[in-house]
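Observations on the model geometry
Listed below, chain by chain, are the residues.
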Amino acid sequence: SGASKWDVREKVWDYLESSGLADFPRPVHRRIPNFKGSYQACCSLKELDVFKRAHEIKVDPDKPLEGARLAALQARKILLVPTPRLRTGLFNKIVPPPGATKEILRVCATAQGIKEYSVPVDLDGKAQVDLVVVGSVAVSEQGWRIGKGEGYADMEYAMMVSMGAVQEDTPVITIVHDCQVVDIAEELLGDHDLTVDYILTPTRTIKTHCKRPKPQGIIWHKARALSYEMLEKIPILKNLRYREKQAGKDVTLQEEHSSLTDANTSTALHEKAKADSTRPQAAKGSAQLGQPYLQRDSFSPRLEGSGMMTTVYVGNIPPSVRVRELKWALREFQATPFCLSWQGAQHRAFLDYKDKATAERAVSSLKGLSLGGNALRVELAKNQRNKG
């Protein structure tokens, strides 16, 4: 059907909200959605042999998986939870106080408990994870999974592979509402995408018999979410990359790949900026700042200068955000412009789209987007609103 991952996500989120199945925290958009009946679905975990046999279980910190974390604690398993955005390490191990009551175990399974009752596990923590439980936005009966689009679950799994914490046959389970089990085209999956072996819903347990291999470790040059900035924020990743480099692996990042290509195009862009008479001041100004004026993601060069372009203003961009992060978000949200002018120093960017309808679609899909902790301001640029 040509649906993108983003289309699938939007459809699931919209349906959960409109059918009254969404549960706190709301709205479920841009999250791993919590749903009515999540607790019931988590309880089916206890029936699975792979759960009964497991000694050490990794469960994501998402709200709908609270019941799975509780089940692991009640069954006295070792429970590992990834640290939010991996800031302090890869996992926290939840350690309930000695003689913890049912109530305390319940607290340990919540986001608050993860903060209060946990100790970090480092790269040498020799974790041996027997079972992985992840949240999903959508999943197919074949085991193809779509997360919320940030790539963390895929990356955590890849890091566990690199650390030797999971094996090829370590089962992966996802827990979702029945309406999140949908058809997903296999061509939407990349090598870095995690697949699942079991799907638990409030009414069913599905064994996927998924044959597609799981990620074999971090594919550094393909992992969208990886950037130097991210390595700075996530010491454990930096550490892992250093180890893999020592071991002779290719640890080139995507941005290093693209900066090589950018170097070739920037000369061409420079010529383009000189020749571009449509915005002489802007072109001159940016040349003086030594920034290439045009950051191009160009699809249809013939439209240029035809006067149909519509510009979208993106403001409130924090100083820490780089143009590549904005580009990544635009790609991810299906809003890639014809051409992008980046004015980071002024905390803004202008996106040119080939017509007003495309620009308006971009504005609506980018609504509510936050980068670097700021909610961006996204609207048609002033001079565009009155046109047509």
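Residues numbered from 1 in each chain as written. Predicted model: local features only at pLDDT ≥ 70, side-chain atom pairs only at ≥ 80, totals over all residues. Heavy atoms only, no water.

The protein goes by Methenyltetrahydrofolate synthase domain-containing protein in an unreviewed UniProt entry, where it is assigned to Galbula dea.

1. What about the packing of helix 7 (residues 152–163) against helix 9 (residues 235–246)?
Here is the rule we go by: Lines are fitted to the C-alpha atoms to define the axes, a helix being fitted only along its stretch in contact, and any angle between axes, read from their N-to-C directions, falls within 0 to 180 degrees. Runs of H or I in DSSP of at least four residues are treated as helices and runs of E of at least two as strands, each being numbered from the N terminus. When an angle is under 35 degrees it counts as roughly parallel; over 145 it counts as roughly antiparallel; between 65 and 115 it counts as roughly perpendicular; any other value is oblique. The sense of a crossing depends on the near helix, which, turned anticlockwise from the far helix by less than a right angle, makes the crossing left-handed and, turned clockwise, makes it right-handed. The criterion used for residue contact is that any of the two residues' heavy atoms lie within 4.5 Å. Ten residues, namely Ala, Val, Leu, Ile, Met, Phe, Trp, Tyr, Cys and Pro, are considered nonpolar, four, namely Asp, Glu, Lys and Arg, are considered charged, and the remaining ones, Gly among them, are considered polar.
Viewed as axis vectors pointing N to C, helix 7 and helix 9 meet at an angle of 45°, and their least axial separation amounts to 11 Å. Overall, the two elements helix 7 and helix 9 adopt an arrangement that is oblique. As for the relative orientation of helix 7 and helix 9, their crossing is left-handed in sense. Residues Met-155, Met-159 and Ser-162 of helix 7 lie in contact with helix 9, whose contacting residues are Ile-236, Leu-237, Leu-240 and Glu-244. Per-class residue counts for the contact of helix 7 with helix 9 are 5 nonpolar, 1 polar and 1 charged.

2. Some details on the packing of aromatic side chains
Stated formally: Aromatic contacts are taken between Phe, Tyr and Trp rings whose centres are within 6.5 Å, Trp giving its six-membered ring; a plane angle under 30 degrees counts as stacked, one over 60 as edge-to-face, and the others as tilted. Any Lys NZ or Arg CZ that is within 6 Å of a ring centre and within 35 degrees of that ring's normal is treated as a charge sitting over the ring.
The tally for this structure, following the rule as stated, stands at 2 aromatic pairs. The side chain of Lys-77 reaches across the aromatic face of Phe-51, ending 5.0 Å from its centre.

3. Topic: the sheet that holds strand 10 (residues 205–207)
Note the cut-off: Pairing between two strands is assigned when DSSP locates at least 2 bridges connecting them.
Strand order in this open sheet of 8 strands is 4-3-2-1-5-8-9-10, and the pairing throughout is mixed. Each edge of the open sheet is held by one strand with a lone partner, namely strand 4 (118–121) and strand 10. Adjacent strand axes in the sheet meet at a mean angle of 25°, parallel and antiparallel pairs treated alike. Bridge count for strand 3 (residues 91–94) against strand 4 is 4 bridges, and the pairing is antiparallel.

4. Looking at helix 7
Note the cut-off: Every helix has an expected span of 1.5 Å times one less than the residues it contains. For the exposure calls, accessible area comes from a 1.4 Å probe over protein chains only, and a residue counts as buried if that area is under 20% of its type's maximum, exposed if over 50%, partly exposed in between.
Between its first and last C-alpha atoms helix 7 spans 16 Å; for 12 residues at 1.5 Å apiece the expected length is 16 Å, and the two agree. Regarding helix 7, the residues found buried are Tyr-152, Ala-153, Asp-154, Met-155, Glu-156, Tyr-157, Ala-158, Met-159, Met-160 and Met-163.

5. Re the pairing of strand 3
Examined bridge by bridge, strand 2 (residues 78–82) and strand 3 share 4 bridges and lie antiparallel to one another. The residue of strand 3 that forms the bridge with Pro-82 is Phe-91.

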